[in-house]
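Structural features, examined
For reference, the chains in residue letters:
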Amino acid sequence: PHLINPVEVLRHSLRPLRPVFAIRFVGTSSHSTHIQGVLGGVCLQLCEVFGYSRPKADVLENTNNVTSFFNKLIQRISDEKPDKLVIIILDSLDQLSPLDGAHKLNWLPRVLPSNVKLLLSTLPTPILDRLRASIPGDDSCFIEVMGMSMETGSAIIESSLRSAHRLLSRAQRSVLSDAFSSCRLPLYLKLALDTACTWRSYSPVSPSQLGVDNRTAIDLLYTRLERVHGETLVSRALSYLVTSRSGLSDVELEDALSLDNEVLDDVYQHWSPPHASTPGQPTIVRMPPLLWARLRHDLREYLVERQADGKTVLFLYHRQFIEAARWRYLQRADLAAHRHFLLAEYFAGRWAGDQGKAITLRHRNETL
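Notes on the structure in this doc start here.

Rules used throughout
Chains are numbered independently. Their residues run from 1 in the order of the written sequence. Residue-level local features of this predicted model are given only where pLDDT is at least 70; pairs of side-chain atoms are given and counted only at 80 or more, and the full residue set underlies all totals for whole chains, interfaces and linings. Each side-chain value is worked out from all heavy atoms of the structure, with water and hydrogens disregarded. Only DSSP runs of H or I with at least four residues qualify as helices, and only runs of E with at least two residues qualify as strands; both kinds are numbered from the N terminus onward. Relative accessibility thresholds used throughout: buried, under 20% of the residue-type maximum; exposed, over 50%; partly exposed, between the two (1.4 Å probe, protein chains only). Any two residues whose heavy atoms approach within 4.5 Å at even a single point are treated as in contact. For the accessible areas, the method is Shrake-Rupley and the probe is 1.4 Å, while residue cover comes only from the protein chains on display. Paired strands, in this sense, are two strands between which DSSP finds at least two bridges. Helix axes use the C-alpha atoms of the stretch in contact, all axes being lines fitted to C-alpha atoms, and the angles between their N-to-C directions lie in the range 0 to 180 degrees. Two helices cross in a left-handed way if the nearer one is turned anticlockwise from the farther one by less than a right angle. They cross in a right-handed way if the turn is clockwise. Three categories are distinguished: nonpolar for Ala, Val, Leu, Ile, Met, Phe, Trp, Tyr, Cys and Pro, charged for Asp, Glu, Lys and Arg, and polar for the others, with Gly belonging to the last. Each nonpolar core is a collection of buried residues, namely Ala, Val, Leu, Ile, Met, Phe, Trp, Tyr and Cys, held together in the definition by side-chain atoms within 4.5 Å.

Some words on the overall build of the protein
In terms of regular secondary structure, the protein is built from 15 helices and seven strands. Each principal axis of the C-alpha atoms in the protein carries an extent, and together these give about 75 × 55 × 35 Å. The buried share of the protein, taken over its 368 residues, is 42%. In the protein, the share of contacts with a sequence separation of at least 24, taken over all contacts with a separation of at least 6, comes to 68%. About 20500 Å² of surface is accessible on the protein, with carbon and sulfur atoms providing 54% of the total.

What follows is the structure in structure tokens.
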């Protein structure tokens, strides 16, 4: 069976009109997290399609400038190409960074030209409330997206297993299908499929291994990661990611983990850490970078690279993963304060240069 792509269905139904599509999946790349990058990308695409001059760098680098350019551009297209239909699709507005007031929707055109259509999607968040307020009294503009049909879910299961070169036994397939029938959400199916792909033919399975909804499925994912990589490493890595303002680079996260006494104590409980030292300089001890590389690999489906302060950083892809990590690892105020304090010291340069930090390895009764 083949999957039905709603965008392709839309393309097919509107083919006689030869529409121009500009589609952006918010939060899935480093350039699709900030509204500045999203609008800038749409402007560049439309200018390319219609043969207009590209916006200058100072326009693309400023949210107010790119918003103004976007509004003028779609009006120009309407005036000069009235026979051309333009459809702009922005998926998952709730994944937008709140920087530059993106969640206030000031960038959103209040009136669209007749031949420009805007299709937006979001979870039921304050963004949805603001969208409703911007179009008062017209509920026909809003459609609630329900769960997937069993037919679509079965097609996705077949396609995903084939792509992963995996087969399930009849009992395993039954457990997976029954779980999906109880929660027909795309994210839940993705998590359930990822779990099912770890099963062996002889693995005994039960519905409890898949959870009953997104939150329990994410919790089970974190439990599985802790079992493979260790609770300390997983909890600290995810804690620092969600504690950071906009995300952390690989180097920053490795630095933070290397400054955490409990991480080092857990890593080096069976042997003394290798370290480099120079006469008159502090001893350098770090967490082996391979540990984060392995964890990053197993998290790769749920991490996204995005731009923050001109640099590429990592963050958890979906809001529900962030909420689950905060609830699981930062519920206690003292733990949250500790993670914030360590990152604050790190970015303030407290341990930079020749500023030594004492390391206590309790398991080995060593202090470095």
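Having put the structure on the table, let's press on.
A short note on the sheet that holds strand S3 (residues 116-120)
Ordered in space as S1-S2-S3, the three strands form an open sheet in which the pairing is parallel. Each end of this open sheet is capped by a strand with a single partner; those strands are strand S1 (20-25) and S3. In this sheet, neighbouring strand axes are inclined to one another by 10° on average, regardless of whether the strands run parallel or antiparallel. Helix-sheet contacts for helix H2 (residues 35-50) involve S1 and strand S2 (86-91), and the interaxial angle to S1 is about 160°.

Quick word on the packing of helix H9 (residues 214-229) against helix H14 (residues 319-329)
Contact pair H9 / H14: the axes reach a minimum separation of 10 Å and the direction vectors enclose 60°. Of the two elements, H9 crosses H14, and the hand of that crossing is right-handed. Along the contact surface, H9 presents Asn214, Arg215, Ile218, Asp219, Leu221, Tyr222, Thr223 and Glu226, while H14 presents Gln320, Phe321, Glu323, Ala324, Ala325, Trp327, Arg328 and Tyr329. Of the residues contributing to the contact of H9 with H14, the split by class is eight nonpolar, three polar and five charged.

A few points about the nonpolar core
Looking at soluble globular proteins, one finds that nonpolar side chains tend to be buried together. Within the largest apolar cluster, 62 residues are counted, with the highest numbers of intra-cluster contacts made by Tyr222, Leu238, Leu316 and Phe321. The contact partners of leucine 238, leaving out residues within four places of it in the chain, are Tyr222, Leu299, Leu316, Ala325 and Tyr329. Grouped together as the second largest cluster of nonpolar side chains are 31 residues, Ile88, Leu93, Val116 and Leu131 included.

So yeah, pure geometry; function would need other evidence.
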